[in-house]
Amino acid sequence: MAHDNTSHLVEQLADALLHHGWMLATAESCTGGMIAARCTDLSGSSQWLERGFVSYSNEAKHEMLGVDPALIAQHGAVSAEVAQAMALGALRHSQAQVSLAVTGVAGPTGGSADKPVGTVWLAWALPSDSGPTLGADTAWVKTECVHFKGDRAAVREATLQHALATLLHWLRQH
């Protein structure tokens with residue numbers, strides 16, 4: 001059932017991106033590439049999905065997306081600041097105009113009192129009204145923290161669903 005819902009979301013997302021003439025880049029940590037994979041389940045996705053970054057480790061976040069290690073050290077990999085930096089880094093290191101980023105604690109280990117299992121920070125970057133996102137300098141970025149319930153698979157699936165549904169919402173507002 002969840003996969004059927006995702007297929008419908010991806011189709012709507014494809015239509016919205018194509019309508020704007022925009023490409024999407026994903027920057028994924030806790031989902032390990034699931035979002036990009038579900039996007040590529042749809043035939044023709046190369047018309048609107050530019051690339052996906054799987055930046056599971058802190059080193060990958062720095063090397064692939066340009067996330068400052070000091071930012072990770074100060075706020076932790078699961079934070080608004082890192083999610084935002086991942087989203088902007090995905091734009092800077094791609095030809096996309098839109099990006100989404102996810103970083104979280106899928107479990108069952110890795111949680112803490114401040115960031116229990118199920119904590120996920122998401123970020124979405126879209127072109128701002130002030131100009132193109134070349135170099136991501138004028139991107140509009142929204143971040144959100146969500147706490148999902150369930151086991152590792154449930155947290156990852158809920159993250160995927162929420163990331164796509166919220167991106168679709170923001171695209172429809174643009």
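All figures in this text were calculated on a predicted structure; none of them were measured in a lab.

### A short note on the pattern of salt bridges
If you walk through the whole model with that rule in mind, you get two salt bridges. Across the salt bridge formed by E157 and R38, the nearest N and O atoms sit 2.8 Å from each other. Separated by 119 residues along the polypeptide, E157 in helix 6 (residues 152-173) and R38 in helix 2 (residues 34-40) bring together distant segments of the chain. Across the pair, exposure class does not vary: E157 and R38 are buried alike. With its nearest N and O atoms 2.5 Å apart, the salt bridge here joins E50 to R51. On the basis of relative accessible area, R51 is assigned to the partly exposed category, the value being 32%.

### Some details on helix 3 (residues 58-65)
Within helix 3, burial applies to A60, K61 and L65. Seen along its axis, helix 3 keeps its buried residues to an arc of 105°; they face one direction. Exposed residues on helix 3 whose side chains face more than 90 degrees from its buried face are E59 and E63. Where helix 3 is buried, its residues contact strand 1 (24-28), strand 2 (49-54), helix 4 (69-75), helix 5 (80-92) and strand 3 (98-104).

### Notes on the nonpolar core
Counting 32 residues, the largest nonpolar core has L24, W48, L100, L164, L167 and L171 as its most contacted members. Those elements that place two or more of their residues in this core are helix 1 (2-20), helix 2, strand 3, strand 4 (119-127) and helix 6. The dominant element in this core, judged by the number of residues it contributes, is helix 6, at eight residues. Sequence-distant contacts of L171, that is, excluding residues within four places in its chain, are made with L13, A16, L17, H20, W22, V98 and L126. If you look at the next biggest cluster of nonpolar residues, it comprises 21 residues, including A27, A83, A85 and A125.

Rules behind the numbers
Residues numbered from 1 in each chain as written. Predicted model: local features only at pLDDT ≥ 70, side-chain atom pairs only at ≥ 80, totals over all residues. Heavy atoms only, no water. Salt bridge = Lys/Arg side-chain N within 4 Å of Asp/Glu carboxyl O. Helix = DSSP H or I, 4+ residues; strand = E, 2+ residues; numbered from the N terminus. Buried < 20%, exposed > 50% of the residue type's maximum accessible area, 1.4 Å probe, protein only. Arc of directions from axis to C-beta. Contact = heavy atoms within 4.5 Å. Core = buried A, V, L, I, M, F, W, Y, C linked by side-chain atoms within 4.5 Å.

This is a description of form; function is not addressed.
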